[in-house]
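# Structural overview
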Amino acid sequence: MIEQDLERFKEPQYKRKHGTGFEVSAMTGDDIADVLQLAINTARQKGVCRYENTDIGLAAFKERSLQYLEFICQQNQIADAEDARRLIPSIESWSIYLGCSRMTVLTYEKTRSEDWAAFIGWMKNCIQAVRTQLTDLGKMPVLAYIFSSVNGYQGYVNTSEVKIAPIEDKQAVLATAESPKALADRYRAALADSESKQDVETAENTLI
């Protein structure tokens with residue numbers, strides 16, 4: 001019985017067949033054409049943008065972001081009809097469409113009003129929802145999804161990174177910050193406290 005079970009679970013039964021997994025294939029021009037064309041069109045039509053920290057700036061930022069989602073839908077409908085490559089939303093391509101960098105968008109989120117932060121958070125959630133859906137359907141590599149989830153929304157800093165910082169010597173910092181007179185007074189006070197404790201201990205020993 002055991003031997004029969006071992007036969008059933010031999011390794012060859014679990015080898016992936018070509019085309020069923022996420023094998024890396026050779027790149028073609030079609031794979032990157034849409035992203036590059038997006039960048040070229042944005043640079044020529046809009047240029048590199050800075051959105052003002054005003055209600056008007058926020059309205060422009062929102063409208064351009066929604067146009068990006070519409071652009072993705074339109075391009076993928078064309079791709080479906082022509083059986084071509086599809087565009088997958090990402091923080092990077094969204095930023096390109098806005099005409100700024102990814103870090104600029106993240107800076108807007110952290111440093112501007114709650115309205116800015118709320119909308120940017122919502123857009124990031126929309127992008128992540130698409131990538132989650134593709135992963136659940138088995139159409140996006142899990143590692144790519146994990147990387148974008150963990151690092152893509154911040155500064156591409158590995159979360160397992162350990163940073164070593166020196167521990168400050170508080171006494172040394174205090175000593176360098178005090179004036180000579182304050183330093184002398186503090187040590188006199190400490191000396192007086194020490195002598196006072198010795199007197200108490202001597203008195204207690206005498207009473208015993």
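Definitions and cut-offs
- Residues numbered from 1 in each chain as written.
- Predicted model: local features only at pLDDT ≥ 70, side-chain atom pairs only at ≥ 80, totals over all residues.
- Heavy atoms only, no water.
- Core = buried A, V, L, I, M, F, W, Y, C linked by side-chain atoms within 4.5 Å.
- Buried < 20%, exposed > 50% of the residue type's maximum accessible area, 1.4 Å probe, protein only.
- Contact = heavy atoms within 4.5 Å.
- Patch = residues over 30% accessible without salt bridge, like charges linked within 9 Å, V, L, I, M, F, W, Y side chains within 5 Å.
- Areas by Shrake-Rupley, 256 points an atom, 1.4 Å probe, with all protein chains shown as cover.
- Salt bridge = Lys/Arg side-chain N within 4 Å of Asp/Glu carboxyl O.
- Helix = DSSP H or I, 4+ residues; strand = E, 2+ residues; numbered from the N terminus.
- pLDDT = per-residue confidence, 0-100.
- Polar contact = N/O pair within 3.5 Å; in protein donor to acceptor, adjacent residues only side chain to side chain.

What follows concerns the nonpolar core. Counting residues in hydrophobic clusters, the biggest one holds 20 residues, and the most contacted among them are Phe61, Trp94, Leu98, Val105, Trp116 and Ile120. With residues up to four places along the chain from it excluded, the contact list for Phe61 reads Tyr51, Trp94, Leu98, Val105, Tyr108, Trp116, Phe119 and Ile120.

On the surface, a nonpolar cluster with roughly 370 Å² of combined accessible area is contributed by Val142, Leu143, Ile146 and Val150. Within the secondary structure, Leu143 is located in helix H7 (residues 142-150).

Turning to helix H4 (residues 91-98), a few remarks are in order. Within H4, six of the eight residues are buried, leaving the element largely enclosed by the surrounding structure. When H4 is considered as a whole, its buried residues turn out to be Ile91, Ser93, Trp94, Ser95, Tyr97 and Leu98.

For the coordinates displayed, the defined rule picks out one salt bridge. For the salt bridge of Lys124 with Glu109, the shortest nitrogen-to-oxygen distance reads 2.9 Å. Of the two residues, Lys124 is situated in helix H6 (residues 114-136) and Glu109 in helix H5 (residues 102-111); the sequence distance between them amounts to 15 residues. For the pair Lys124 and Glu109, one class covers both residues: buried.

Turning our attention to the confidence of the model for the chain. Mean pLDDT over the chain works out to 76, with 63% of the residues at or above the 70 mark. Confidence over residues 8-19 falls short of pLDDT 50; this stretch has eight contacts with residues more than four positions distant or in other chains.

Mapped onto the elements of the fold, Arg112 is located in the loop between H5 and H6. What makes Arg112 buried here is its relative accessible area of 13%. Separated by 58 residues in the primary sequence, Arg112 and Thr54 place their C-alpha atoms 9.6 Å from one another. Engagement of the side chain of Arg112 in a polar contact is seen with the backbone oxygen of Tyr51, the distance being 2.7 Å.

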